[in-house]
Amino acid sequence: MALERVAVGIVLGGLLTLGACADQRPSQATPSFETIVDVTLPSHLPVMGGRAHGSPIQLVSVEGRRLLVLADGDAKALRVLDGDDHRALGEVMLEGEPTELVAAGDGRLYVALRDRDVVVGVELDGLAPFHAGVRRRFTVPTEPIGLAVTPDGRRLVVTSGWAASLVGIELASGEEILRQRLPREPRSVAVSADGREAFVSHALGSTVSRVPLDGDVIRAIELGGVDHHDRGAEVAILDFVSEGVLSGSFDGGVSGGIVSSGGAGRGPVDFRGGDLPSFVERLDRDAAQGFALALGEGELFVPEVLVHRGRAQVGGYGTSPSFPAHQPALARIDLVEGRATLRVMMRAFDAGEARNGFAGGARRDGCLLPRAAAVDARSGTVLVACVGSDEVMAISSDGEALATSTRHRWKVPPGPMGLAIDETRREVVVWSRFAGAAGALSRLPLEEGEEGEEGGEGGEGGEGEPAARYPEEAEVVGASVELLPLAEGGLSAAAQEGRRIFHGASDARISADGRACASCHPDGRDDGLSWPTPNGARQTPMLAGRLLESTRPFGWQGDAKDLPTHLRQTFRRLGGRGLDDDAMASLLAYLGEMGTPSRPAPPPDPDLVARGRRLFHAETVGCATCHTAEGIGSDGARHDVGTGVAVETPSLRLVAGTGPYFHDGRFATLSQLLRETRGKMGWASDMGPDDLSALEAYLLTL
């Protein structure tokens, strides 16, 4: 039974994120197309149950039988289950770690394999007995994560996180029809109803990218902002969402950036000491954790977290006894009117309207790590899956503040990473990846109601009273089914527990304000921000692939001889109580087994890279003096690099994807850093432009 007869039921968005356009490694060569088994594409398209954008979980219908298909990243497999009783029907073992899957118009399920830089097309050939296989294979830029298909089902859109790019593929021919550079760390993608635009979320960087599929200019919808205050006003959150143009060629980070076309400018963070006073002239807020988006009828919903970096405390890193550094938010972008609305706990407001003295009502128990989102048009709600707090929230789509429009909170097993709406049963199926040894599935009931009605508790209340209050306690889901492991491999049991600790939002052992390790290190990387400390601004470093013996000591201060010491210092700075020995061992196990982004494809000019390597090791340039082990290691010493403070030498591993640069994040690109550190950090700036280009080419390969 070929999957060309598949009719996709209700398909829901899953993984999410944000980024600055600072510095990315070059994209790989044009994706290659391979037909593994000769197949004839159907002359007709199956009926699609809504516009499809990728998720780790999809609900499909095969000849009238409802199936759940899961992308199990730990097992490197697709699981196919009965959609009614969750009974396992079979699995498709894959060559790499799947992130998202999506059903396309050629009757296949397309799956992004994050660690193999490929997207594969899978067909279900039979259910009794089960038979399925990989039939197509596309090589795409480094680290494919997000998938979507155009409404006609004929074109596949792929976002690649580490390569910071989007490609479009014509499925009938396998031809690449579009390639665009994007800001850092793109995640989920959805295509508009008319098939003309793709919208991309980013794990960091305060933007949603709006990408014309005809290759026209990319636009950036900015979700960060600046507040201006009157004396005595309460602390504000944000006063605008501006739209700008992504400029530059995105040639490996040498150029490119967001040029704002409206709204206030983004000023520098104030790193002076002291808590937030009653009067400040401006307060910067960055948007982060943009892992997910959900496309409704003419509107886009993006769960985010607003970040206030604060001022230098004794603890540092933006900690404040009175104002949490991270606050949940939900952006709604009207795709028809081009108007954006931002919703925080106590307020909702037109994102383009200037604000003074706006009080957002931050909470520690909100959704600080959103990882999946979906729109239930019938009940008029947006569903958001929250890792760390391990909840699913149902929020009215009517634009009210989160405190008065959150209709329900469900407690689910650890690590909710995907949602799929079952319209027939009026329920949402939740995929919790971190539960047990192989994850778990839960079913949550959805409100009844006609599409367009407010319905349920979200309607208007009496005069002067909100219709609903934020549910203080989450309802615990009783009916969850843990899945059985498929094979040996994946994370160890200790690392699985460490992964839960790493994502533990509102864990008092980690921080006093609700932040998890993953709040500043999404996917084990960096948030692209510099934070205030008593010693000055310090950029968040990348963790994945850099916690090596050759990089000791740890931290910018270089005062932690080993990783446990550094982690304990960090928890103290965040106001956390700290971990006991068993929990620390689990966290260390996860950090050691954490996935590392693939290295980039070899550059087109190997001679240029070889020349750059020779310059890196030349005594007259001085790079290898401090950056040992081919740039991967550190000399373990602290150096004053022209700023009046001494900082520890960092590893340069995977440096291509970690801009901005320098310990305080002052340089947007590697090119800028090499040219503007004359006599302060080696002597690279004494070289001519050709040598500088060669040195940069080598650094991009580390």
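So, a few notes on the structure that sits alongside this text. (Residues numbered from 1 in each chain as written. Predicted model: local features only at pLDDT ≥ 70, side-chain atom pairs only at ≥ 80, totals over all residues. Heavy atoms only, no water.)

Attention now goes to the state of the cysteines. This model, assessed by the stated rule, comprises 1 disulfide. Linked covalently through their sulfurs, C367 and C386 form a disulfide whose S-S length is 2.2 Å. With the S-S bond torsion at -110°, the cross-link from C367 to C386 turns out left-handed. Taken together, the residues C367 in the loop between β27 (348–350) and β28 (370–376) and C386 in strand β29 (residues 381–386) connect sequence positions 19 residues apart. C517 takes part in no disulfide bond, and the closest cysteine sulfur to it belongs to C520, at a distance of 9.0 Å. Accessibility expressed as a relative area gives 11% for C517, which makes it buried. Residue class for C520 comes out buried when judged on its relative accessible area of 14%. (Disulfide = S-S within 2.5 Å. Helix = DSSP H or I, 4+ residues; strand = E, 2+ residues; numbered from the N terminus. Buried < 20%, exposed > 50% of the residue type's maximum accessible area, 1.4 Å probe, protein only.)

Burial within strand β17 (residues 207–212) is extensive, with 6 of its 6 residues counted as buried. Side chains T207, S209 and V211 of β17 all project onto a buried face; the interleaved residues V208, R210 and P212 project onto the opposite face, where all are buried too. As paired elements, strand β16 (residues 197–202) and β17 share 4 bridges and run antiparallel to each other. Looking at β17, one finds that V200 is bridged to S209. (Pairing = 2+ DSSP bridges.)

Residue P660 is bonded to the preceding G659 through a cis peptide linkage, with omega at 5°. Assignment of secondary structure puts P660 in the loop between β40 (646–648) and α8 (670–676). The backbone phi angle of E185 is positive, close to 50°, even though this residue is not glycine. Turning to its location among the elements, E185 is positioned in the loop between β14 (175–181) and β15 (186–191). The buried category is assigned to E185, whose relative accessible area is 2%. Unusually for a residue other than glycine, F662 sits at a positive phi of about 85°. Inspection of the secondary structure puts F662 in the loop between β40 and α8.

Evaluation of the coordinates by the stated rule reveals 3 cavities of 30 Å³ or more. Looking at the largest cavity, its volume works out to about 120 Å³. Contributing to the lining of the largest cavity are 15 residues, with P328, C367, M393, I395 and L402 lying nearest its centre. Broken down by secondary-structure element, the contributors of at least two residues to the lining of the largest cavity are β24 (299–307), β25 (326–334) and β30 (391–396). When residues in the lining of the largest cavity are grouped by element, the largest group, 3 residues, is from β25. Class assignment for the residues of the lining of the largest cavity results in 12 nonpolar, 2 polar and 1 charged. (1 Å grid on protein atoms, 1.4 Å probe; cavity = no way out; pocket = protein on both sides within 12 Å on 5 of 7 lines; lining within 4 Å. Points joined across faces, edges and corners; volume = space filled by probe spheres on them. Nonpolar A, V, L, I, M, F, W, Y, C, P; charged D, E, K, R; others polar.)

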